[in-house]
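Take a look at the letters that make up each chain.
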Amino acid sequence: MDSIIVTGGTELDGRIPIAGAKNACLALMPATLLSDEPLTLTNAPRLSDIKTMTLLLQSLGAEVTSMQGGRVLALSSHDLTSHRADYDIVRKMRASNLVLGPLLARAGHAVVSLPGGCAIGARPMDLHIEGLTALGAEIELRDGYLHAVAPRGLKGAVIEQRFASVGATENIVMAATLAKGTTVLRNAAREPEIVDLVQCLRAMGARIEGEGTTEIRVEGVDRLHGATHAVVADRIELGTYMIAPAIAGGSVELIGGRRDLLPAFCEKLEETGVEITETNSGLKVARVNGRSHAVDVKTEVFPGFPTDLQAQMMALLCTADGVSVLEETIFENRFMHAPELMRMGANIEVHGGHATVTGVDRLRGAPVMATDLRASVSLILAGLAAEGETVVNRVYHLDRGYERVEEKLSACGARIERVKGE
Ligand code: UD1
């Protein structure tokens, strides 16, 4: 397995292009199942999770052709041959469950494996099941699989989510596009990836209003048609690389970056002593004083501080001036990066959903292990600030969500390289 070696202590200076959003693309790809006409996605990211979704869709009979080195995905679900998402694929990537709503709506039945536990929490599917059941589906759990049928077709309904789940909102909205009548989804997730999905569904002929607010209204139509859609910029990749100059010093321009994708995050980053300016091509981030200030952070649904940037922010706060408290409210087990950061000399105490970080003068390089996608990149960021060499092992997690991380950072002067493993 590959490792990444980072030698800390170099200030950054350069430009980093931000790719299309992994999480948007993983919801947009299953939208192909809703139509027998082609769907083309441009600005797709080149990531292993996208390959996993490609394999899943192909296993259902969809055609997925990757063009321009993976930047453009041509999808067609003219003839579906299966309606079963196998455990072998779903266990690798929870977002595989996003085929459930579209398959039900188009084929009237779907069999989708439950994802099982993952490193960052239990992540059940009760909200997906409740929403689709409200639309008239009958869903049973047998042999670890959800067996869903809609014998009389799906029918619009008023649904109030107990929690604004991103995935459940996506499944329910996709299913509702082909349901009979009107669906009103209350307490809907508002993440930019939902807005992107709705814009694509609308280009396919769906009638949807309210994306980006807590109430989404869908008028069902008989069929959807083909479309071409450009994937929105990846706000998590953006936030990650905004932290790079904050932690290492220097300044970096993020090409394609937009402040409205990360409102709460940008405010917190500024509080730590970083300057963020809008440029013609994106956002520029520069560290304006010597040491970061401590700040308290609480993860929340959009527009709050994203859970997917909590590990990276923790890496920054490890060397801040003072004590920071990070509160994780979205996932119950998302501080696995803390013990690894402590191996680099960080002072962190974790109690349940809170982590207290007392800033130290300096981190020291160490061999560390990545336990999940965002944890891996937080260790790379910490390595940029650490004295000496940090070896991040098990980087396959990283390749699920970050394109060419070592190339993007070394283009800004970071000393970082990938060492090929067995
Ligand atoms: C998506 C993102 C992920 C991000 C998360 C929260 C994708 C592919 N992934 O994941 O990167 O960290 O949003 O911003 O877009 N929950 C339930 N029941 C359900 C569904 C969810 O209890 O039926 C809980 C989960 O266990 C978790 C919380 O709700 O604690 C958030 O989950 P959700 O918003 O659904 O996240 P995902 O769509 O899985």
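Below or above, wherever it landed, is the structure these notes cover.

1. Focus on helix α6 (residues 166-176)
And then number 1: Burial analysis of α6 places 10 of its 11 residues in the buried class, the great majority of the element.
And then number 2: Measuring from the side-chain oxygen of the N-cap residue of α6 to the backbone nitrogen of Gly167 gives 3.5 Å; that N-cap residue is Ser165.

2. Re the packing of helix α8 (residues 235-248) against helix α12 (residues 373-385)
And then number 1: Here α8 crosses α12 at 20°, and the two axes come no closer than 8 Å. Here α8 is positioned roughly parallel relative to α12, judged by the angle of their axes. Note on packing geometry: the crossing formed by α8 with α12 is right-handed. Residues Ile236, Thr240, Ile243, Ala244, Ile247 and Ala248 of α8 form the contact with α12, whose participating residues are Arg374, Val377, Leu381, Ala382, Leu384 and Ala385.

3. As for the nonpolar core
And then number 1: Among the nonpolar cores identified, the biggest contains 144 residues, and Leu57, Leu201, Met242, Leu269, Met313, Leu384 and Leu409 are the most heavily contacted of them.
And then number 2: Considering each element in turn, this core owes the most residues, 9 residues, to α8.
And then number 3: Look past the residues within four positions of Leu409 in its chain and what remains in contact with it is Ile16, Tyr241, Ala244, Ile380, Leu384, Ala414 and Ile416.

4. Section: the pairing of strand β21 (residues 354-358)
And then number 1: Here β21 shows a clear split, with Ala355 and Val357 buried on one side and none of His354, Thr356 and Thr358 buried on the other.
And then number 2: Pairing analysis gives 5 bridges linking strand β19 (residues 323-327) to β21, with the strands arranged antiparallel. Each residue of the ladder has a partner; that of Val325, found in β21, is Thr356.
And then number 3: Note that strand β20 (residues 347-351) and β21 share 5 bridges and pair antiparallel.

5. Looking at the sheet that holds strand β14 (residues 227-230)
And then number 1: Strand order in the open sheet formed by 4 strands is β4-β5-β3-β14, and the pairing between neighbours is mixed. Each end of this open sheet is capped by a strand with a single partner; those strands are β4 (63-67) and β14. Within the sheet, the average angular offset between the axes of one strand and its neighbour, ignoring direction, is 15°.
And then number 2: Looking at chain direction, strand β3 (residues 39-42) and strand β5 (residues 72-76) are connected through 3 bridges and run antiparallel. When the bridges of β5 are listed, Leu39 appears paired with Leu75.
And then number 3: With respect to the sheet, helix α7 (residues 192-203) is in contact with β3 and β14, its orientation differing from that of β14 by roughly 160°.

Definitions and limits used
Residues numbered from 1 in each chain as written. Predicted model: local features only at pLDDT ≥ 70, side-chain atom pairs only at ≥ 80, totals over all residues. Heavy atoms only, no water. Buried < 20%, exposed > 50% of the residue type's maximum accessible area, 1.4 Å probe, protein only. Helix = DSSP H or I, 4+ residues; strand = E, 2+ residues; numbered from the N terminus. Polar contact = N/O pair within 3.5 Å; in protein donor to acceptor, adjacent residues only side chain to side chain. Axes fitted to C-alpha atoms, helices over the stretch in contact; angles between N-to-C directions. Parallel < 35°, antiparallel > 145°, perpendicular 65-115°, else oblique. Left-handed = near helix turned anticlockwise from the far one by under 90°. Contact = heavy atoms within 4.5 Å. Core = buried A, V, L, I, M, F, W, Y, C linked by side-chain atoms within 4.5 Å. Pairing = 2+ DSSP bridges.

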